[in-house]
Amino acid sequence: MDIKSIFENNKNWIAEKLETSPTYFDNLGEGQSPEILYIGCSDSRVTAEELMGANPGEVFVHRNIANMFISIDLNAMSVVNYAVNYLEVKHVVVCGHYGCGGVKAAMMSKDLGILNPWLRNIRDVYRLHMEELNAIQDEEKKYDRLIELNVQEQCVNLIKTADIQKAFRERGLLVHGWVFDVHTGRLIDLKIDFKGILEHIMKIYRLD
Ligand code: CO
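On a predicted model such as this, the values are computed, not experimentally measured, just so you know.

1. Brief notes about the environment of W178
Now for step 1: Considering the arrangement of structural elements, one finds W178 in strand β4 (residues 174–180).
Now for step 2: Put simply, W178 and Q152 are 26 residues apart on the chain and 8.7 Å apart in space, counted from C-alpha to C-alpha.

In structure tokens, the structure reads:
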């Protein structure tokens, strides 16, 4: 993509929107009330809104390397706090993707400098599920499975927070784990057992 074409594209996009709805930007300017918080990977192929068919105003988005949710990450914690308590989203989604470079990097025995502490969280997911992962002979299948388990563990990390626990109790907020298949374009619901996880981890992580 040529950087010079972006502003031209933007003009065309405005014209397209106004053609279908002359008040489009008046409505957009009035505020947002998205029902979904999406936490995904920064990977340029995994465009949050486009793969869901979502329009501006419908999804609150946070993206980082390998769709991580880590309790000392002030950025991610602030996003969840704002989305859950102020925007009152009904669903929080963690969306991973097959072919994730961040997960691939975490599987390598290599010093990656400043990326080490970030990727360590993915290595922790591997350690938690080492038995299952080491039983998979096919390297590609093992890689895919770690991507799925990483999504699941980031969902668990979300459920450990007071904001999510409170919103679930008070208004039935749900956490979902998805994977985007970059080879087919398909979005897959991992159907993580939200209530089962909640019940299990509340034995240790209950915050009130
Ligand atoms: Co990725």
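There is more to say after this.
2. As for the layout of surface pockets
Now for step 1: Each pocket or cavity is described by its volume, and for the largest pocket that value is around 540 Å³.
Now for step 2: Lining the largest pocket are 22 residues, and of these E153, V156, N157, K160 and Y205 lie nearest its centre.
Now for step 3: The element that contributes the greatest number of residues to the lining of the largest pocket is helix α10 (residues 194–205), accounting for six residues.
Now for step 4: In terms of residue class, the lining of the largest pocket is built from 10 nonpolar, seven polar and five charged.

3. Quick look at the nonpolar core
Now for step 1: In terms of nonpolar packing, the biggest core is built from 48 residues, with L37, V92, L158 and V175 touching the most fellow members.
Now for step 2: It is helix α8 (residues 139–159) that provides the largest number of residues to this core, a total of nine residues.
Now for step 3: V46, A48, A54 and V93 belong to the second-largest nonpolar core, a separate cluster that totals nine residues.

4. So, the coordination of the cobalt ion
Now for step 1: Here the cobalt ion is held by the protein donor atoms C41 (SG), H97 (NE2) and C100 (SG), which lie 2.0 to 2.3 Å from it.
Now for step 2: Mapped onto the sequence, the donors of the cobalt ion take the spacing C-x55-H-x2-C. Here C41 is found in strand β1 (residues 36–41), whereas its partner C100 is found in the loop between β3 (91–97) and α5 (101–107), with 59 residues between them in sequence. For the pair formed by C41 and C100, the shared burial category is buried.

5. Things to note about the domain arrangement of the chain
Now for step 1: What the domain assignment lists for the chain is domain 1 (1–31) and domain 2 (33–205).
Now for step 2: Relative to domain 2, the C-alpha centre of domain 1 lies at a distance of 31 Å.

6. Observations regarding the packing of aromatic side chains
Now for step 1: Evaluated as defined, the whole model comprises five aromatic pairs.
Now for step 2: Ring centres 5.5 Å apart and planes at 70° place the aromatic pair W13 and F25 in the edge-to-face group. Residue W13 is found in helix α1 (residues 5–20), and its partner F25 is found in helix α2 (residues 24–29); the two are separated by 12 residues along the sequence.
Now for step 3: According to the relative accessible area criterion, W13 is partly exposed, its value standing at 34%.
Now for step 4: For the ring pair Y24 and F25, a centre distance of 5.0 Å and an interplane angle of 80° mean the geometry is edge-to-face.

Parameters at a glance
Residues numbered from 1 in each chain as written. Predicted model: local features only at pLDDT ≥ 70, side-chain atom pairs only at ≥ 80, totals over all residues. Heavy atoms only, no water. Helix = DSSP H or I, 4+ residues; strand = E, 2+ residues; numbered from the N terminus. 1 Å grid on protein atoms, 1.4 Å probe; cavity = no way out; pocket = protein on both sides within 12 Å on 5 of 7 lines; lining within 4 Å. Points joined across faces, edges and corners; volume = space filled by probe spheres on them. Nonpolar A, V, L, I, M, F, W, Y, C, P; charged D, E, K, R; others polar. Core = buried A, V, L, I, M, F, W, Y, C linked by side-chain atoms within 4.5 Å. Buried < 20%, exposed > 50% of the residue type's maximum accessible area, 1.4 Å probe, protein only. Donors = N, O, S within 2.8 Å, 3.2 Å for Na, K, Ca; no water. Domains from an automatic or database assignment. Phe/Tyr/Trp six-rings, centres within 6.5 Å; stacked < 30°, edge-to-face > 60°.

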